Every structure is written in C-alpha cells, then in structure tokens.
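Architecture at a glance
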Amino acid sequence: MTDHSTSGFSRRGLLAAFAATAVVAAPTCSNAFGLLRGAGDVRRIRMYSGRTGESIDTIYWIEGKYVPEALNEITYFMRDWRSDQTKDIDPRTIDIAAAAHRLLDVSEPYMLLSGYRTAQTNAMLRSKSRRVAQNSLHMKAQAADLRLRSRSVSQMYRAASACEAGGVGKYSRSNFVHMDCGPIRTWGS
C-alpha cells in the first residue's frame, strides 16, 4: 500500500514524519466534552495482539481527515484471527479507544483481545460463555475488547465512559474493557 515517490520517500512516511511533529505540538483539550474529549487534531492508536504477535502504532487522523492507509492497517490488525477474515473497522470505535487512551495518560499500547469477529467465531464464543452477545457489534466491526497492564479495568471503564459515546462494558474477572460505537450504554461488574 505504500506509494513510493521518485525521491525515495513514501506518502505514508511523510505523513508519519508530519504526524510525529504534530503530536508534540498538538494542544490538549482535557475539558472538552463528547466523543473525542482530548483527541486533538492528530489521533493515534497503539495496540498489540498476544494472539498474532503483531503490533500497530499509527496516526489514523490528521487535521479533520482519516488516513485511509492507516484505517486499512487497523482493519487488518483487528481482523478475526481465527479465520483471518477482515471487515472495515468503524473509525468511531477507534476514536473512542484513542480518546480513552489519551484520558488515561499512558504510553503503553492496548492489548487487543477481540476486534472484528465473524458470525462463526461469535457463535463459537457464545457457546462457551453466556456473556457473548448473540448480535455482538464485534460482527459489525464496531467493537473492541481491550486491556492495559498499567491501568485497572475500573480506570479504563471510567475513561471510556467519560467519552460519552457508544457502549462500555467492564469485565473485571476477565480483565478487559469492551468499547463500541453503538448506542450509549454501560454494563459490567
């Protein structure tokens, strides 16, 4: 997906260089309200997967526009690893996760437990646990189950809930937080 120019620089490389300087210069808006509280003019997501061994650290939004190549990378990263199938991840889910991450003020990447799920994967997980929704937003590529080692589930839950967007589920026994871009609601123990 990299578009190489004759100078040896890729478009993606130039965007990354610009974004790296913009991240340092971007103002913070800790008193802002709504979905992207504190997200700023540059949005970045950092995650790794214990299942695949892959990691991602990408700027996916610059000055009011999503970066298509970055969204493609995120979609692949958040694929159903059991079947290797992808579905375009709803950028609003990434926005919620990125805003919550920024509110938590951590540099540690999220551990992705589950992103997109095929109907078959969801049915298999549902057969093993009553806590898996039959019509899960994971199947619409609108949800992510995330964990941080340096923050508690309660801290993550409060940060995601403070974004006032989508669904936030607290799974204390399993040590993760569910974030989705569906209707605003919260649940969990």
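Structure shown above.
The present account deals with the structure reproduced in this document. (Residues numbered from 1 in each chain as written. Predicted model: local features only at pLDDT ≥ 70, side-chain atom pairs only at ≥ 80, totals over all residues. Heavy atoms only, no water.)

1. Focus: the sheet that holds strand β4 (residues 110–114)
The pairing of strands in a sheet happens through backbone hydrogen bonds and is either parallel or antiparallel. What the 8 strands build is an open sheet, ordered β3-β2-β1-β4-β5-β7-β6-β8; its pairing is mixed. Looking at which strands have only one partner, the edges of the open sheet turn out to be β3 (65–66) and β8 (185–188). In this sheet, strand β2 (residues 55–62) lies alongside strand β1 (residues 42–48) in antiparallel orientation, the contact comprising 7 bridges. Following the sheet pairing, Tyr 48 is matched in β2 by Ser 55. Relative to the sheet, helix α5 (residues 153–162) contacts β4, β5 (143–147), β6 (167–171), β7 (176–180) and β8, its axis offset from that of β6 by approximately 175 degrees. (Pairing = 2+ DSSP bridges. Helix = DSSP H or I, 4+ residues; strand = E, 2+ residues; numbered from the N terminus. Contact = heavy atoms within 4.5 Å. Axes fitted to C-alpha atoms, helices over the stretch in contact; angles between N-to-C directions.)

2. Some thoughts on the side chain of Gln 142
Note on placement: Gln 142 falls in the loop between α4 (119–128) and β5. Judged by relative accessible area, which is 16%, Gln 142 ranks as buried. Once residues within four sequence positions are removed from consideration, Gln 142 is found in contact with Asp 90, Arg 92, Thr 93, Leu 137, Met 179, Asp 180 and Cys 181. (Buried < 20%, exposed > 50% of the residue type's maximum accessible area, 1.4 Å probe, protein only.)

3. Overview of unusual backbone geometry
Leaving glycine out, the prevailing phi sign among residues is negative, and the prevailing peptide bond configuration is trans. Of note in this structure, Glu 63 is not a glycine but carries a positive phi near 45 degrees. Structurally, Glu 63 is set in the loop between β2 and β3. For Asp 105, which is not glycine, the phi dihedral falls at a positive 55 degrees. Considering the arrangement of structural elements, one finds Asp 105 in the loop between α3 (91–104) and β4. Owing to a relative accessible area of 67%, Asp 105 belongs among the exposed residues under this scheme.

4. Quick look at the environment of Arg 102
Mapped onto the elements of the fold, Arg 102 is located in helix α3. The class of Arg 102 is partly exposed, set by a relative accessible area of 29%. It is 9.6 Å that separates the C-alpha atoms of Arg 102 and Ile 45, two residues lying 57 residues apart in sequence.

As far as function goes, none of this settles anything; it's purely spatial.
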